[in-house]
Amino acid sequence: MSQTRIRVLVGKPGLDGHDRGAKVIARALRDAGMEVIYSGLHQTPEQIVEAAIQEDVDLIGLSIMSGAHLTIFPRVKELLKQQQAEDILLIGGGIIPEEDAESLIRDGYAEALFTPGTPTTEIVDWINDRMKLNRSKYF
Amino acid sequence: MNGVQEWLKRLFLQDRRAVAKLISLVEDNIERHQIMRAVLPRTGNTLVTGITGPPGAGKSSLVEALTKLVREQGESVGIVAVDPTSPLTGGAILGDRIRMQSHATDRNVFIRSMGTRGHLGGMAKATADVIRIMEAGGYTTLLLETVGVGQSEIEIMHLADTVIVTLNPGTGDGIQAIKAGIMEIADIFVINKADLPGSERLKNDIEMMLGMTGQDKAWRPPVVLTSVYENRGVDQLQAEIKRHHAFLRSSGRWKIKWQEQLQREVWRHLNGQIQEQFNSLWPKLLSDAAIAEGTDPGQIAEQVWSVMMEEMKKKND
Ligand SMILES: Nc1nc2c(ncn2[C@@H]2O[C@H](COP(=O)(O)OP(=O)(O)OP(=O)(O)O)[C@@H](O)[C@H]2O)c(=O)[nH]1
Ligand SMILES: [Mg+2]
């Protein structure tokens, strides 16, 4: 019997206190059968990466409303690299202007970025599709 | 599998990525036997402290406060936060880390959140494995948090050597706890949020109930008042945990507990195996019309049992 679950860390870096979006996503992922670790507001990139490693998540989803996306995504990616944990996928959402989103993805700092108003089913499908290809988690 | 060996090697070098990966493997039921066989010889020396109680009682806050004390004393801490209330077949939102942020980048504190997955043999089996992997990975203080006051939580708390039941003043928690049968498993009572009114009264209620029930005479559960907000009572709680640990070791209770835990654990495994075999046999028995309508289920069970025994013999020959 397979007991595998996709595990996701939903992180809320930065100083803003809006976590409504993050919570909506968390619930949608849970309802899709995933285990969501939610670690609260005001996370530093260091805290997020350490939690992701300990919880051994498949994917980190960052919700950023503060405009700090251009520093946070590269920093999280760099820390993952330092920890040899690049197998953990990084995605995000929030208020991110299109040209910034394009450059973050082009430069490999994020796998996917979802703008506010994206149907949660789209995010769930994206994750499920990627995880099908990405079952090399262990070895 | 080569990969598992590599992770095990790294586990014994106290590499926390290996701790994390091996926990996932065991939770996913991949190579579990191989992993646990390697891990077990390096476990069994550390007493596990469990914290349970109703939702929102302040369990995670207490875990964080205790962790702070333990870290000041130079020990490393492994924490398992179990949420057995998540729907059996679905996903889960695991939020205990929110209250444990002050240790989030401390490499000597390892926190792992677990949801229910409909584990064969129950949640407790998987939890036991996770605790052992942490111990084998070098964490010297082991804390287990689980929410709720139902049967599955009590099952999980049986994995702990010292059980702390956390209640709050002014909530009717005392009465709930008796109803749920949680009084019997408590080694220490904590009245958290003692900054709120009604703590002394709840303390008196608990003391009174302890006086009435036939508790283990050698150990009377102390009632500790704490306030994480006012940073009060947590050092006293730690002192009581240490006192209980010492009691377990000096009185020989530890050995008895260990035997009880082993018995439960062996049963969980057996139970899982029996269930699996039964489930695969049942449709055949039904369709073979070996079972007449109106037969007493108890009698059917005896029939099924002998079929299962035969199958087992065949397998062993
Ligand atoms: N007044 C008061 N509030 C507290 C105290 N300790 C914790 N809280 C608050 O109680 C709430 C729940 O705290 P948690 O530590 O998450 O409780 P928990 O028992 O782990 O909760 P679950 O895991 O969700 O069951 C939070 O809002 C805390 O800030 C305390 O000593 N006094
Ligand atoms: Mg909690």
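In what follows, the accompanying structure is described. Remember, predicted model here, so these are calculated numbers, not experimental data.

1. Some thoughts on the coordination of the magnesium ion (ligand 2)
When a metal carries six donors in an octahedron, the ideal angles between them are 90 or 180 degrees, while four donors in a tetrahedron ideally lie at 109.5 degrees.
Residue and element names in this part refer to chain B.
Argument step 1. Surrounding the magnesium ion (ligand 2) are the protein donor atoms S60 (OG), D96 (OD) and E145 (OE), which sit 2.0 to 2.2 Å from the metal.
Argument step 2. Counting the intervening residues between successive donors of the magnesium ion (ligand 2) yields the motif S-x35-D-x48-E. Of this pair, S60 sits in helix α4 (residues 59–72) while D96 sits in the loop between β3 (92–94) and β4 (109–115); the two residues are 36 residues apart in sequence, bridging distant segments of the chain.

2. Some thoughts on the sheet that holds strand β4 (residues 89–94) of chain A
Argument step 1. Judged by pairing direction, the sheet is parallel, and its 6 strands sit side by side in the order β5(A)-β4(A)-β3(A)-β1(A)-β2(A)-β3(B) without closing on themselves. Of all strands in the sheet, those with a lone pairing partner are β5 (112–114) of chain A together with β3 of chain B, marking the two edges. Each strand of the sheet is rotated relative to its neighbour by a mean of 20°, with strand direction disregarded.
Argument step 2. By the bridge criterion, 3 bridges tie strand β2 (residues 35–38) of chain A to β3(B) in an arrangement that is parallel. The partner of A:I37 across the bridge, within β3(B), is B:L94.
Argument step 3. Helix α3 (residues 69–82) of chain A contacts β3 (59–64), β4 and β5 of chain A of the sheet and is inclined by roughly 160° relative to β3(A).

3. Examining the packing of aromatic side chains
Argument step 1. For the structure on display, the rule yields 4 aromatic pairs over all chains.
Argument step 2. Relative to A:W126, the ring of A:F114 has its centre 6.3 Å away and its plane inclined at 80°; by these criteria the two rings are edge-to-face. Pair noted here: A:F114 is in strand β5 and A:W126 is in helix α5 (residues 120–133), with a separation of 12 residues, a long-range link.
Argument step 3. The side chain of B:R42 reaches across the aromatic face of B:F12, ending 3.6 Å from its centre.

4. Description of the site of ligand 1
All names here are of chain B.
Argument step 1. Neighbouring ligand 1 are 17 residues, the closest being K59, S60, S61, V228 and Y229.
Argument step 2. Taking K193, its side chain carries an N or O atom lying 3.1 Å from an oxygen atom of ligand 1.
Argument step 3. A per-element tally of the shell around ligand 1 places α4 first, with 3 residues.

So, how was this worked out
Residues numbered from 1 in each chain as written. Chains lettered and ligands numbered in written order. Predicted model: local features only at pLDDT ≥ 70, side-chain atom pairs only at ≥ 80, totals over all residues. Heavy atoms only, no water. Donors = N, O, S within 2.8 Å, 3.2 Å for Na, K, Ca; no water. Helix = DSSP H or I, 4+ residues; strand = E, 2+ residues; numbered from the N terminus. Pairing = 2+ DSSP bridges. Axes fitted to C-alpha atoms, helices over the stretch in contact; angles between N-to-C directions. Contact = heavy atoms within 4.5 Å. Phe/Tyr/Trp six-rings, centres within 6.5 Å; stacked < 30°, edge-to-face > 60°. Lys NZ or Arg CZ within 6 Å of the ring centre and 35° of its normal. Near = heavy atom within 4 Å. Polar contact = N/O pair within 3.5 Å; in protein donor to acceptor, adjacent residues only side chain to side chain.

These figures capture arrangement, not role.
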